[in-house]
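# Examination of the molecular architecture
In case you want the letters, here they are:
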Amino acid sequence: MTDRIPMAPHDFGDRCDALAYKWGLSLTSGDRTIKRNAAVGGNPNSVHLLQGMARDYVPDNPANAADVMGDARRLGLWSVYHDKGSGKHLHFQAIPPLSS
Ligand SMILES: [Zn+2]
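Criteria and thresholds
- Residues numbered from 1 in each chain as written.
- Predicted model: local features only at pLDDT ≥ 70, side-chain atom pairs only at ≥ 80, totals over all residues.
- Pairing = 2+ DSSP bridges.
- Helix = DSSP H or I, 4+ residues; strand = E, 2+ residues; numbered from the N terminus.
- Axes fitted to C-alpha atoms, helices over the stretch in contact; angles between N-to-C directions.
- Contact = placed C-beta atoms within 7 Å.
- Buried ≥ 20, exposed ≤ 12 C-beta atoms within 10 Å, placed from the backbone.
- Core = buried A, V, L, I, M, F, W, Y, C linked by C-beta atoms within 7 Å.

### Some points on the sheet that holds strand E4 (residues 87-93)
Here we have 4 strands laid out as an open sheet, ordered E1-E2-E4-E3, and antiparallel in their pairing. Each edge of the sheet is formed by a strand with only one pairing partner; in this case those strands are strand E1 (25-29) and strand E3 (78-84). Between one strand axis and the next, the sheet turns by 35 degrees as a mean value, whatever way the strands run. Here strand E2 (residues 54-59) runs beside E4; their pairing, made up of 4 bridges, is antiparallel. Along E4, the bridge assignment pairs Asp56 with His91. Contacts from helix H1 (residues 9-23) reach E1, E2 and E4, with the element oriented near 135 degrees to E1. Lying over the sheet, helix H3 (residues 65-74) contacts E2, E3 and E4, oriented at roughly 150 degrees with respect to E3.

### Observations concerning the pairing of E4
For E4, a buried count of 5 out of 7 residues is recorded, marking the element as mostly surrounded by other parts of the structure. Inspection of the sheet shows E3 paired to E4 by 7 bridges, in the antiparallel sense. Bridging from a neighbouring strand, Asp83 pairs with Lys88 of E4. In this structure, the hairpin formed by E3 and E4 is closed by a connection of 2 residues, where Gly85 is found at a positive phi of approximately 60 degrees.

### A few points about the nonpolar core
Nonpolar side chains in soluble globular proteins tend to be buried together. Within the largest apolar cluster, 14 residues are counted, with the highest numbers of intra-cluster contacts made by Leu19, Met53, Ala72, Leu90 and Phe92. Counting only elements with at least two residues in this core, the list comes to H1, E2, H3 and E4. Among the elements that take part in this core, H1 stands out by supplying 3 residues, more than any other. Ignoring sequence-local partners within four residues, the contact set of Ala72 consists of Leu19, Leu77, Ser79 and Phe92.

Honestly, that's just the spatial picture; any functional story needs more than this.
Shown next, in the form of structure tokens:
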């Protein structure tokens, strides 16, 4: 059960932009082609393959990551702070994680 619902790409983008401005986040990845996704070691089912549904950011201050994620959740986003591909980054997406 979740208190969040999937959102349209433009809503997701607006919320990411607001978080980036508020917290000082630099965009490092967004939409990916299948080729690019494979090159950066992305999951074959990555949400980055769905246009406008996932973005990665590096925070100016890593100590803020947990607070950024709390803010993202309040905005209805799903997020994770992990060290994959391009290094440690915040991943935001507009839909729930795929269960595997
Ligand atoms: Zn990502």
